[in-house]
Amino acid sequence: MFQYFISNIRSAAALIGGLLSESARSCPLCRTPARGIQLKADIRASLPANAALLGICRACASEIPWIGPIACAVCGRPDPCGDCARRDTAHFICSRSAVRYNDRIREWLALFKYRGDERLAEPLADMLDIAFRRLEAMLQSRMPGHRWDAVIPVPVSSERLAERGFNQAERLAELLCSRRSLPLCKLLHRTLHSEKKSLQSRLARLKSAEGLFVADNTAVHAFVEGMSRPGPVNLLILDDIYTTGSTIEACSEAVSSAIQRYLPNRNVQVYAVTLARS
Ligand SMILES: [Zn+2]
Ligand SMILES: [Zn+2]
């Protein structure tokens, strides 16, 4: 009887151990339990140079809608873009995104944002990193030695923060900044809790972002005090999705005008990077 009890405990422990190691190895995007999920050379060859993405399964890797050549030099859209041509003022120079916002990306972002699945943070940050490196390569070719003074995540309202427990843009910014040794600076606040963007028309979305973001004056003051380099102030706004550009524009305006109140003679150059472009 005792032997039987012990052997049952052993097999239960083996089963639990097996489940644990299986779940540790399963794909964070689709949860497929996969042994030794390493991308095969042919899949890796189809990804942008040096893409990490080693923790996800082949099926998910092959579904990532990477943005290849871009058609709009401002917003990084792969298709012809009317929004940027129509805009008469822009407070950011350009934005780059890694992937198109399709159903698959919507699903992965929803698991991360609304279900708080932390295991998605790494593969999503891997994708975002591709957009960052493209932007960085472009800037280094034009301005050798270009350096970032601040990476600024787009804030969520305190209401959203209480609801979700975290800010998805901030989480992605933390990962990017730690990998690339970049300065993460939370220089903005979101003033209002806006209506769900997906329910608004394009015009309403453009309008609703105006005045939605304000600089955190204490943080801006500390940031300016800590600036030791001369020359332009290079800022990178970071968000999960670029839709009309109204959020990036509102953030860029709020942060650059706040910095210029302290440094009226300095040129503030704002760029943006997002995971997805819709
Ligand atoms: Zn998968
Ligand atoms: Zn554009």
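Note that this is a predicted model, so its numbers are computed, not measured. (Residues numbered from 1 in each chain as written. Chains lettered and ligands numbered in written order. Predicted model: local features only at pLDDT ≥ 70, side-chain atom pairs only at ≥ 80, totals over all residues. Heavy atoms only, no water.)

Caption draft 1: Structural detail: the coordination of the zinc ion (ligand 2). Only Cys-72 (SG), Cys-75 (SG), Cys-81 (SG) and Cys-84 (SG) from the protein coordinate the zinc ion (ligand 2), and they sit 2.2 to 2.3 Å from it. Around the zinc ion (ligand 2), the 4 donor atoms sit at angles spanning 107 to 118°, and that spread fits a shape best called tetrahedral. (Donors = N, O, S within 2.8 Å, 3.2 Å for Na, K, Ca; no water. Tetrahedral: all angles 85-135°; square planar, octahedral: opposite > 155°, others 65-115°.)

Caption draft 2: Region of the structure containing the packing of aromatic side chains. If you walk through the whole model with that rule in mind, you get 4 aromatic pairs. On the basis of an interplanar angle of 75° and a centroid distance of 6.5 Å, the ring pair of Phe-92 and Tyr-242 is categorised as edge-to-face. With Phe-92 in the loop between helix 4 (83-86) and strand 1 (94-100) and Tyr-242 in strand 5 (residues 233-242), this residue pair connects regions lying 150 residues apart in the sequence. When sorted by exposure, Phe-92 lands in the same class as Tyr-242, which is buried. Relative to Tyr-271, the ring of Trp-148 has its centre 5.6 Å away and its plane inclined at 85°; by these criteria the two rings are edge-to-face. Remark: Tyr-271 occurs in strand 6 (residues 268-277) and Trp-148 occurs in the loop between helix 6 (121-142) and strand 2 (150-153); sequence separation between them is 123 residues. By relative accessible area, which is 8% here, Trp-148 ends up buried. Tyr-271 gets classed as buried once you look at its relative accessible area, which sits at 4%. (Phe/Tyr/Trp six-rings, centres within 6.5 Å; stacked < 30°, edge-to-face > 60°. Helix = DSSP H or I, 4+ residues; strand = E, 2+ residues; numbered from the N terminus. Buried < 20%, exposed > 50% of the residue type's maximum accessible area, 1.4 Å probe, protein only.)

Caption draft 3: Examining the coordination of the zinc ion (ligand 1) more closely. Within the protein, the zinc ion (ligand 1) binds to Cys-27 (SG), Cys-30 (SG), Cys-57 (SG) and Cys-60 (SG); these donor distances fall in the range 2.3 Å. Taken together, the 4 donor atoms coordinating the zinc ion (ligand 1) span angles of 107 to 114° at the metal, a pattern that classifies the geometry as tetrahedral. We classify Cys-27 as buried; its relative accessible area is 0%.

Caption draft 4: Just the packing of helix 5 (residues 103-113) against helix 6, in detail. One can describe the packing of helix 5 onto helix 6 by two numbers: an axis separation of 10 Å at closest approach and a directional angle of 130°. The angle between the axes of helix 5 and helix 6 places the two elements in the oblique class. The chirality of how helix 5 crosses helix 6 is left-handed. Across the interface between the two elements, Ile-105, Trp-108, Leu-109 and Phe-112 of helix 5 pack against Ala-121, Leu-124 and Met-127 of helix 6. (Axes fitted to C-alpha atoms, helices over the stretch in contact; angles between N-to-C directions. Parallel < 35°, antiparallel > 145°, perpendicular 65-115°, else oblique. Left-handed = near helix turned anticlockwise from the far one by under 90°. Contact = heavy atoms within 4.5 Å.)

Caption draft 5: View of the pattern of salt bridges. Applying the stated criterion across every chain, the model contains 16 salt bridges. Here Asp-117 and Arg-31 are joined by a salt bridge, their closest N and O atoms 2.4 Å apart. With Asp-117 in the loop between helix 5 and helix 6 and Arg-31 in the loop between helix 1 (2-25) and helix 2 (41-46), the pair connects residues that are 86 residues apart, well separated along the chain. Among the ionic pairs, Asp-149 bridges to Arg-229, the shortest N-O distance being 2.6 Å. Of this pair, Asp-149 sits in the loop between helix 6 and strand 2 while Arg-229 sits in the loop between helix 10 (217-225) and strand 5, placing them 80 residues apart in sequence. Put simply, Glu-63, Arg-104 and Glu-107 are held in one network by salt bridges that share partners. (Salt bridge = Lys/Arg side-chain N within 4 Å of Asp/Glu carboxyl O.)

Caption draft 6: How the structure looks around the side chain of Ser-97. Counting through the fold element by element, Ser-97 comes out in strand 1. At a separation of 2.8 Å, a polar atom in the side chain of Ser-97 contacts the side chain of Thr-274. Excluding residues within four positions of it along the chain, Ser-97 makes contact with Ile-67, Ala-131, Arg-134, Tyr-242, Thr-274, Leu-275, Ala-276 and Arg-277. (Polar contact = N/O pair within 3.5 Å; in protein donor to acceptor, adjacent residues only side chain to side chain.)

Caption draft 7: Structural view of the packing of helix 6 against helix 8 (residues 168-180). It is the contact of helix 6 with helix 8, at a shortest axis distance of 9 Å, that shows an interaxial angle of 65°. Helix 6 and helix 8 meet at a crossing whose hand is right-handed. Seen from helix 6, the contacting residues are Ala-121, Glu-122, Leu-124, Ala-125, Asp-126, Leu-128, Asp-129, Phe-132 and Arg-133; seen from helix 8, they are Arg-171, Leu-172, Leu-175, Leu-176, Arg-179 and Arg-180. Split into classes, the residues belonging to the contact of helix 6 with helix 8 amount to 8 nonpolar, no polar and 7 charged. (Nonpolar A, V, L, I, M, F, W, Y, C, P; charged D, E, K, R; others polar.)

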